[in-house]
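Structural overview
Read off the chains here:
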Amino acid sequence: MTDADLTTDRLILRSWTPGEAAAVLDGARSAHWAQDFPAEGDHVIVGLFAEHPAWLDEYGHRQVIERDGGLVVGSIGLFWPPSDGTLEIGYGIVPSRRGRGYAAEATRALTAFALTAPGVHTVYANVELSNPASLRVLEKAGFRRSHTDTEQNTARFVLSATQPARR
């Protein structure tokens with residue numbers, strides 16, 4: 001663990017290292033990854049690190065690691081830099097670890113951390129309405145639906161500094 005790690009009851013949120021990102025891009029396997037990690041979304045995000053180096057900074061993307069056993073079971077990230085005080089969050093937990101509340105736990109922790117960043121007052125996520133599990137994650141993390149885009153079949157969920165995350 002490093003000082004930059006975020007720790008919850010069951011998880012550690014640790015920034016990606018260049019070596020771990022390279023392993024994903026190269027298709028290598030690490031002994032500390034869950035069998036079904038990385039997922040498709042992890043490949044996409046890691047593939048964008050070169051274009052968005054700030055995503056690897058303190059307020060960027062992190063691996064979701066089980067404290068018991070140290071397995072990487074997903075990833076979560078902030079799409080830095082903020083725009084007008086708002087910052088987007090995205091997350092994914094591998095299928096073998098879903099249904100345990102990890103995504104909501106990680107989302108609460110990273111959102112609370114994001115709201116400590118200078119100038120950031122709101123964190124948001126856009127979710128496809130066809131993904132009810134992700135809608136529940138955000139609700140459990142204390143986010144509120146701000147609007148629905150019926151053309152895109154998405155909903156935006158927000159959590160503001162004046163609206164603290166649920167514990």
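As shown above, the structure is provided for reference.
Sequence order as written defines the numbering, with residues in each chain counted from 1. For a predicted model such as this one, the threshold for reporting local features is a pLDDT of at least 70, and the threshold for listing and counting side-chain atom pairs is 80 or more; totals across whole chains, interfaces and linings nevertheless cover every residue. Note that water and hydrogens are dropped before the side-chain values are worked out from all heavy atoms of the structure.

With that settled, the discussion passes to the sheet that holds strand β1 (residues 6-7). On the basis of which strands lie adjacent, the open sheet formed by 8 strands has the order β1-β2-β3-β4-β5-β6-β8-β7 and mixed pairing. Each edge of the open sheet is held by one strand with a lone partner, namely β1 and β7 (144-149). When DSSP finds at least two bridges between two strands, those strands are taken to pair. Only DSSP runs of H or I covering at least 4 residues are called helices, and only runs of E covering at least 2 are called strands; the numbering of each starts at the N terminus. Bridge count for strand β3 (residues 61-66) against strand β4 (residues 72-83) is 5 bridges, and the pairing is antiparallel. When the sheet's bridge partners are listed, V64 is paired in β4 with G74. In what follows, residue pairs with any heavy atoms lying within 4.5 Å of each other are defined as contacts. Here an axis means a line fitted to C-alpha atoms, over the contact stretch when the element is a helix, while the angle between two N-to-C directions is reported on a 0 to 180 degree scale. Contacts from helix α3 (residues 102-114) reach β1, β2 (11-15), β3, β4, β5 (86-93), β6 (122-128) and β8 (154-160) within the one sheet, and its direction differs from that of β5 by about 155 degrees. Helix α4 (residues 132-140) contacts β5, β6, β7 and β8 of the sheet and is inclined by roughly 160 degrees relative to β6.

Glancing now at the packing of aromatic side chains. Paired rings are identified among Phe, Tyr and Trp, the last through its six-membered ring, by centres lying within 6.5 Å, and are further divided according to the angle between planes into stacked (under 30 degrees), edge-to-face (over 60) and tilted (the rest). Per the stated rule, a full pass over the model turns up 6 aromatic pairs. Aromatic side chains Y59 and W80 sit 5.0 Å apart centroid to centroid with 15 degrees between the ring planes, which places their arrangement in the stacked category. With a gap of 21 residues between them, Y59 in the loop between α2 (40-48) and β3 and W80 in strand β4 connect regions that are remote in the sequence. Aromatic rings pair up to connect W16, W33, F37 and F49 into one cluster. Positioned above the aromatic ring of F113, the side-chain terminus of R62 is 5.2 Å from the ring centre. Only when the NZ atom of a Lys or the CZ atom of an Arg is both within 6 Å of the ring centre and within 35 degrees of the ring normal do we say a charge sits over the ring. Geometry around Y124 places R156 over its ring, the cationic atom sitting 3.9 Å from the centre.

Counting residues in each nonpolar core, the largest one holds 47 residues, and the members touching the most others are L13, V64, I89, L110 and F143. In terms of residue count, α3 provides more of this core than any other element does, 8 residues in total. Sequence-distant contacts of L13, that is, excluding residues within four places in its chain, are made with A4, D5, L6, R62, Q63, V64, I76, A106, A109 and L110. Residues belong to a common nonpolar core when they are buried Ala, Val, Leu, Ile, Met, Phe, Trp, Tyr or Cys residues joined through side-chain atoms within 4.5 Å. Summary of the burial criterion: residues with accessible area below 20% of their type's maximum are buried, those above 50% are exposed, and those between are partly exposed, where the area comes from a 1.4 Å probe applied to protein chains only.

On to the pattern of salt bridges, then. Any Lys or Arg side-chain nitrogen located within 4 Å of an Asp or Glu carboxyl oxygen qualifies as a salt bridge. Taken as a whole, this structure holds 4 salt bridges when the rule is applied. For R10, the salt bridge goes to E105, with nearest N and O atoms at 2.7 Å. Of this pair, R10 sits in the loop between β1 and β2 while E105 sits in helix α3, and the two are 95 residues apart along the sequence. Salt-bridge contacts for E66 lead to R100; the nearest nitrogen and oxygen are separated by 3.6 Å. Of the two residues, E66 is situated in strand β3 and R100 in the loop between β5 and α3; the sequence distance between them amounts to 34 residues. One network of salt bridges, in which partners are shared, links E66, R97 and R100.

Mapping S75 onto the fold places it in strand β4. Among the polar contacts made by the side chain of S75, one reaches the side chain of D42 at a distance of 2.4 Å. Under the rule applied, a polar contact is a pair of N or O atoms within 3.5 Å (in protein, one hydrogen donor and one hydrogen acceptor; residues adjacent in sequence only if both atoms are side-chain atoms).

Method remark: on a 1 Å grid restricted to protein atoms, a set of points is classed as a cavity if a 1.4 Å probe fits but cannot get out and as a pocket if it is open with protein on both sides within 12 Å along at least five of seven lines; lining residues have an atom within 4 Å of a point. Grid points are joined across faces, edges and corners, and a volume is the space filled by probe spheres set on the points. There is about 1,000 Å³ of room inside the largest pocket. Taken together, the elements giving at least two residues each to the lining of the largest pocket come down to α2, β4, β5, α3, β6 and α4. At 6 residues, the largest contribution of residues to the lining of the largest pocket is made by β5. Taken together, the residues of the lining of the largest pocket break down into 15 nonpolar, 13 polar and 9 charged. Lining the second largest pocket we find L6, T7, T8, D9, R10, E105, R108 and A109. Of all elements in the fold, only β1 and α3 reach the threshold of two or more residues within the lining of the second largest pocket. Polar here means any residue other than Ala, Val, Leu, Ile, Met, Phe, Trp, Tyr, Cys and Pro, which are nonpolar, and Asp, Glu, Lys and Arg, which are charged; Gly is therefore polar.

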